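Spelled out from the first residue to the last, the chains are:
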Amino acid sequence: MTNDRQETKAPADEAIVRHVDVPGVGDPRRFGYAQAVTARGLLYISGQLGIDEDYQPVSDSFDEQAYRALENVRRVLSAAGGGFEHLVSMTIYLTDMRTAPRFFEIRREILGDTLVSSTAVAVSGLPLPNLQVEVQCVALAPSHPAA
C-alpha cells in the first residue's frame, strides 16, 4: 500500500494535502475521511483508535488499545514524513476517565521527553463497541520550514 496523497488548492493558493493511504492503518475512504490533512504548515491527524487496518479492535484491553492508537498516530506521522517530535497538540477521548492516568503513563513511555499540549475528554462511546480510547492530534507539518 502506498501513501496516497491528494493535493488541492485552497482559496489562498495554499496547498492542502490529504493523507489517505497510510501503511498499517485502515483505508478511511470507506468512511469518507482522510487519516490526516496538511494545511498552512500544520498536520491535522484524524482520531486514531485501538483498531487494526481492517477496523477491528485489537483487544478489549485498555492498554493494548492505547498502545495501538498511539502506534497509529506514529504511522500517520511517518507517512507524512515526520515523527512524534512534530506533535503540537493531542486530544484524548476516553470512555472511562479512570483510565486517564494509565493513558498518560503509556504516552510518557512512548513519547519520552516530547511534551505536547493535551486535553482529555470523557465520552459516552466511540465508533465501535468496546473501544475505550481515541487520540486526535495536530502536528507541525514535517515539510514546513520551521520543522
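A brief report on the enclosed structure follows. Just so it is clear, the structure is predicted and the values come from calculations on it, not from any experiment. (Residues numbered from 1 in each chain as written. Predicted model: local features only at pLDDT ≥ 70, side-chain atom pairs only at ≥ 80, totals over all residues. Heavy atoms only, no water.)

1. Things to note about the overall build of the chain
No. 1: Within the chain, the secondary structure is distributed over two helices and seven strands.
No. 2: When the helices and strands of the chain are read in sequence order from the N terminus, they spell out β-β-β-β-α-β-α-β-β.
No. 3: Counting only residues that meet the buried cut, the chain has 44% of its 147 residues in that class.
No. 4: For the chain, the proportion of contacts with a sequence separation of at least 24, taken over those separated by at least 6, is 61%.
No. 5: Element-wise, carbon and sulfur atoms account for 49% of the exposed surface of the chain, whose accessible area totals about 7600 Å². (Helix = DSSP H or I, 4+ residues; strand = E, 2+ residues; numbered from the N terminus. Buried < 20%, exposed > 50% of the residue type's maximum accessible area, 1.4 Å probe, protein only. Contact = heavy atoms within 4.5 Å. Areas by Shrake-Rupley, 256 points an atom, 1.4 Å probe, with all protein chains shown as cover.)

2. Quick look at the packing of helix α1 (residues 62-79) against helix α2 (residues 100-111)
No. 1: Put simply, α1 and α2 touch, their axes get as near as 10 Å, and they point 40 degrees apart. When the interaxial angle is binned, α1 and α2 end up oblique. In this structure, α1 crosses over α2, and the sense of that crossing is right-handed. Residues Phe62, Asp63, Ala66, Tyr67 and Leu70 of α1 form the contact with α2, whose own contacting residues are Arg102, Phe103, Ile106, Arg107, Glu109 and Ile110.
No. 2: In terms of residue class, the contact of α1 with α2 is built from seven nonpolar, no polar and four charged. (Axes fitted to C-alpha atoms, helices over the stretch in contact; angles between N-to-C directions. Parallel < 35°, antiparallel > 145°, perpendicular 65-115°, else oblique. Left-handed = near helix turned anticlockwise from the far one by under 90°. Nonpolar A, V, L, I, M, F, W, Y, C, P; charged D, E, K, R; others polar.)

Limitation: the analysis is restricted to geometry and does not speak to function.
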